[in-house]
Amino acid sequence: MNPNMLTLTANKRLAQTILSQHAAQQLAAGQRAWEAPEVLTFATWQRQLWDRWVIEQCETGNEPPILLNSMQTKQLWQQVIEAQAQSLSHLLHPALLATQAMNAWKLIQAWQIDLSDAAFNDGTPEHRQFANWAQVFMALCAQENWLDEARLLPTLIAHLETQLTSSLPKQIRLLGFVQMTGIERAFWHALQAMGIDVEGLTEAQVAFAPIQSALSFASIDAEQHAIAEWVAQNLERQPEMRLVVALPRMAEWRDALLEKMMLRCASKSLLPQQLDAPPPINLSLGDPLGHQPIVAVARLLLGLRYDGLDHADLMTLLQSPFTAGTADALRLGQWLTEAQTARWQWKHLFSRLKHVEEALTQRQLEQSELSDKEQHKLAAVQYGLTRWKQWQLPTDSSNQRLPSAWGDWMRTRLMQVGMGAKGLGSLAYQAWTALDEAFDQLAPLDLVSGQVSREKALSLLDGLLLTPWQARQGKTQVQLLGMMEAAGLACDALWVADMGFEQWPPKATPNALIPLRLQKQAGVRDADPSKQADYARHLLAAVMEKGQNITVSYAQSDGSRVDLLPSGLLDVAWESTSHPIIPLTSHALPLLWQDWQAPPLARDEIAKGGTSLFKYQSQCPFRAFAQFRLDAKDIKSASEGPDAALRGTLVHDGLEAVWKAIANSDRLLALEESQRLALVSEKVAQTLAKAREDAPELLGERYVALEQERITALILNVLTNDTQLALSDLPAFNVESEASLERDVCGVAVNLRIDRLQQFNSTEQKAVWIVDYKTGTVSKDWLGERPWEPQLPVYAIALQARKDVAGIAFYALKDNDNPTLQGLARDDVPLPKKEKSITSADWQIQLAQWQATLQTLADDFRAGIAVAEPLISTGKNACGYCHLSLLCRKSEWSGMEEEDTSEAS
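Residues numbered from 1 in each chain as written. Predicted model: local features only at pLDDT ≥ 70, side-chain atom pairs only at ≥ 80, totals over all residues. Heavy atoms only, no water.

1. Here we look at the overall build of the protein chain
On a plain count of helices and strands, the protein chain comes out with 32 helices and 26 strands. Counting the 905 residues in the protein chain, one finds 47% classified as buried. Considering only intrachain contacts with a sequence separation of at least 6, the fraction spanning at least 24 residues in the protein chain is 74%. Counting only carbon and sulfur atoms, one obtains 51% of the accessible surface of the protein chain, whose full area is about 44,900 Å². (Helix = DSSP H or I, 4+ residues; strand = E, 2+ residues; numbered from the N terminus. Buried < 20%, exposed > 50% of the residue type's maximum accessible area, 1.4 Å probe, protein only. Contact = heavy atoms within 4.5 Å. Areas by Shrake-Rupley, 256 points an atom, 1.4 Å probe, with all protein chains shown as cover.)

This is the structure:
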């Protein structure tokens, strides 16, 4: 490499590769020291020329313009657009529109389009509006002596011969440039006119390197699996191979392909040595910095408001290891999740936590000790009270400040709540450092924005957090790149994927703010399909230029269409291949086991789970195992208001209070209509008052008034139905509401909370009905070896040793106007509106059958039977009510079974 030559590259990656290759050559030649060649990106060299010119201007007493960075420029465009916000109410958000306008301005400068051309005035309203914005933008820059980056190259051209001659090299080599813009060509031609040798300016004839394999896959998923297998096999065979995968749609493919590559190579060299280390695959497009977990949590903390925060955000803060990560935080999060509140307001949150703390502390004083559960709850609540005070914003956070001052405030604020670089792993530390640098990047915005509010400063920070970011890595053998980044790179094996006709060449996308005629006249390739195709041909050739063992591929289906065609730019014979799904690792498992068999419980161990254990063991044994032995609970989702569970609880509590006051059928019949109304209204009001005290953020005054009316009407209808029951031929009865009992049912610990135990008192018998209130859908599928809803049979077996159980029933309350009893009963105590009654002998047989069914379910659970075998009953499929599909993978196994069956036939 000529040490007197300046090498300019189109991107930073290519410059680093050239320097690394030169160093390797010198080491191979036995050199211990050498003069490094001058290799820069074109953008870096432009800034160097600019800095030299600025220094010369300052030395001669002139005042050079201030060069704005891209963030400052975008902010300036946004200010220009927001000045006309009222006339733009029908258009995009000003921030998005500013990005479009800035891109259009870059095209104007890059392709030397005349902004004064009549086409802007004669075009669409958008064309005229943009021309007006551009005039305002230029006038503002001239007034403040500012220069944006889009006009940097034209400015340098104007000063080449007069003030930059001494800063120019004698020889320049261009690498990785594919079809330059108009202003770039003007720059190189100006250099050539000054006698500077510019190598690589003339476009070479397009010639594709030899392609070893051209593969056609049935789907994108199969194509991605094949690439992952190709990477793994190459690294297994030769760990030092340099592999490049080039993608036209890098953003769409990156995550899915990276996941497949990591899974396939999990036991090979692609596995990070540390859990918090970035994957050793070099990507040309990283995730936005704001997507990094520690940055997302920091941004959430900075954005907290006095009017509270969403429940999901609160759970993020509680569960994040960067803010909490303690057992108390997790317990508090679980407890607050059960409150089903979509948004927490600080005053209600403080009030609720303080109330619970005082109640538990008082209980501790009265009893001298708390249970383990109560102690955990008290610790969690006290943790929350401390955290909330720390997380709330200081009172001075709403004034106006310069962006630089807000950057300092944000940094200090996060330190105050305990966030920082100490104790972080590699990936989190690098992300935290990048966030700290983003705070510093707010300072240049002082120049164009002046003082702003906290909300505006956070908006400016959000713009910086959208910047793609990757953690620093050491040497990597695999590079996953976009087409531009892959151009000119040397490698040992190259795979160019996604070469479908719709992906390559890319579709022409002219800028909507510039007249199409002017874009085509200037040669803008995005405005002309033929120029776009020519550019794609040159770029593809550049990608393949220095690659070896080249493979190209495309997918015949994109999920919505089949029989798609390959790119017309490649004249190759495509080989159709049916690539199998790649296993997670290339090694066979050393042991085989039955995945439906869990370790059995110890002989003397009591199974815990209550009636739900029987229900889920019957509906699907795997769910019972996962939920009660693995503790795989569902994550409750918050709602905007009280959910169905809370509304049902209010009805249950109201009925309990009313029947505790009435007690029996004689008292019910003695009540006048006005007395009933007064009694029910009073008890419902007390129920709602207690519930509102526990959850003030959910139960507002207007909602409580509506619930008072609804629940009162429903309970009065229940009492009307019970009155008809009392007036029937049945004996008088007592009602024991919300009876709580603890029982061992078939070796399962069951805490019975019976909504209503109705006992008939006569000289012949003292039979009881077990009644369960249901405000939702009622299921009476109690029979068979796998009953869908065995709750009431469990209650019947649990009570039969103590009481004469004569029937079980649901009180269906979903229909407020017509609540009804539905169930099964012995014929000597007939159930009104019952579906079925059976003789006393048959009733005893039914109880024995339930006993045997429940014993079998309990024995299977204790034995570790955990097969994923969902029950399908009367149009209901247990899978539709389960949250464990990712664990059981029943849908995947079902698909495999169907495939095996079809192949066998």
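Once you've had a look at it, read on.
2. So, the sheet that holds strand 6 (residues 197-199)
Spatially, 2-1-5-6 is the arrangement adopted by the four strands of the open sheet, whose pairing is parallel. Each edge of the open sheet carries a strand with a single partner, namely strand 2 (38-41) and strand 6. Each strand axis lies, on average, 25 degrees off the axis of its neighbour in the sheet, ignoring direction. As defined by bridge partners, strand 1 (residues 6-9) adjoins strand 5 (residues 171-175) across four bridges and the pair is classed as parallel. Bridged to threonine 7 within strand 5 is arginine 173. Across the face of the sheet, helix 1 (residues 12-28) comes into contact with strand 1, strand 2 and strand 5 while running at roughly 165 degrees to strand 2. (Pairing = 2+ DSSP bridges. Axes fitted to C-alpha atoms, helices over the stretch in contact; angles between N-to-C directions.)

3. Concerning the pairing of strand 20 (residues 748-760)
Along any regular strand, the residues point their side chains to alternate faces of the sheet. Of the strand pairs in this sheet, strand 18 (residues 607-608) and strand 20 are connected by two bridges, and their pairing is parallel. Bridge pairing in strand 20 links lysine 608 to alanine 749. Bridge count for strand 20 against strand 21 (residues 767-774) is four bridges, and the pairing is antiparallel. Bridge pairing in strand 21 places leucine 757 opposite isoleucine 770.

4. Describing the layout of surface pockets
Gaps left between atoms are located by rolling a probe of water-molecule size over the structure's atoms. A volume near 1,800 Å³ is recorded for the second largest pocket. Around the second largest pocket, the lining is made up of 45 residues, and of these Lys615, Tyr616, Ala645, Lys774 and Glu789 lie nearest the centre. Looking at the lining of the second largest pocket, the elements that each hand over two or more residues are helix 23 (610-619), helix 24 (621-628), helix 25 (644-662), helix 28 (701-726), strand 20, strand 21 and helix 29 (791-799). When residues in the lining of the second largest pocket are grouped by element, the largest group, eight residues, is from helix 25. Grouping the amino acids of the lining of the second largest pocket by side-chain chemistry returns 14 nonpolar, 15 polar and 16 charged. (1 Å grid on protein atoms, 1.4 Å probe; cavity = no way out; pocket = protein on both sides within 12 Å on 5 of 7 lines; lining within 4 Å. Points joined across faces, edges and corners; volume = space filled by probe spheres on them. Nonpolar A, V, L, I, M, F, W, Y, C, P; charged D, E, K, R; others polar.)

5. Considering the packing of helix 29 against helix 30 (residues 840-863)
It is the contact of helix 29 with helix 30, at a shortest axis distance of 10 Å, that shows an interaxial angle of 105 degrees. Considered as vectors, helix 29 and helix 30 are oriented roughly perpendicular to each other. Taking contact as the criterion, the partners of Pro793, Val794, Ala796 and Ile797 in helix 29 are, on helix 30, Leu847, Trp850, Gln851 and Leu854. When its residues are assigned to classes, the contact of helix 29 with helix 30 shows seven nonpolar, one polar and no charged. (Parallel < 35°, antiparallel > 145°, perpendicular 65-115°, else oblique.)

6. Overview of helix 23
Each α-helix turn comprises 3.6 residues. Residues three or four places apart therefore point the same way. Judged by how many residues are buried, helix 23 sits mostly within the fold: eight of ten residues are covered. Of all the positions in helix 23, only Gly610, Thr611, Leu613, Phe614, Tyr616, Gln617, Ser618 and Gln619 are classed as buried.

7. Thoughts on the pattern of salt bridges
Applying the stated criterion across every chain yields a total of 24 salt bridges. Aspartate 462 serves as the salt-bridge partner of arginine 299, at 2.6 Å between the closest nitrogen and oxygen. Residue arginine 299 is found in helix 11 (residues 293-302), and its partner aspartate 462 is found in helix 19 (residues 454-465); the two are separated by 163 residues along the sequence. Among the residues examined, aspartate 462 registers a relative accessible area of 29% and is labelled partly exposed. Its salt-bridge partner being aspartate 408, residue arginine 411 comes within 3.3 Å of it at the nearest N-O pair. Of the two residues, arginine 411 and aspartate 408 are both situated in helix 16 (residues 403-416); the distance of three residues between them amounts to about one turn of the helix. We classify arginine 411 as buried; its relative accessible area is 18%. Given a relative accessible area of 45%, aspartate 408 falls into the partly exposed group. What emerges from the salt-bridge pattern is a single network uniting Asp408, Arg411, Asp436 and Asp440. (Salt bridge = Lys/Arg side-chain N within 4 Å of Asp/Glu carboxyl O.)

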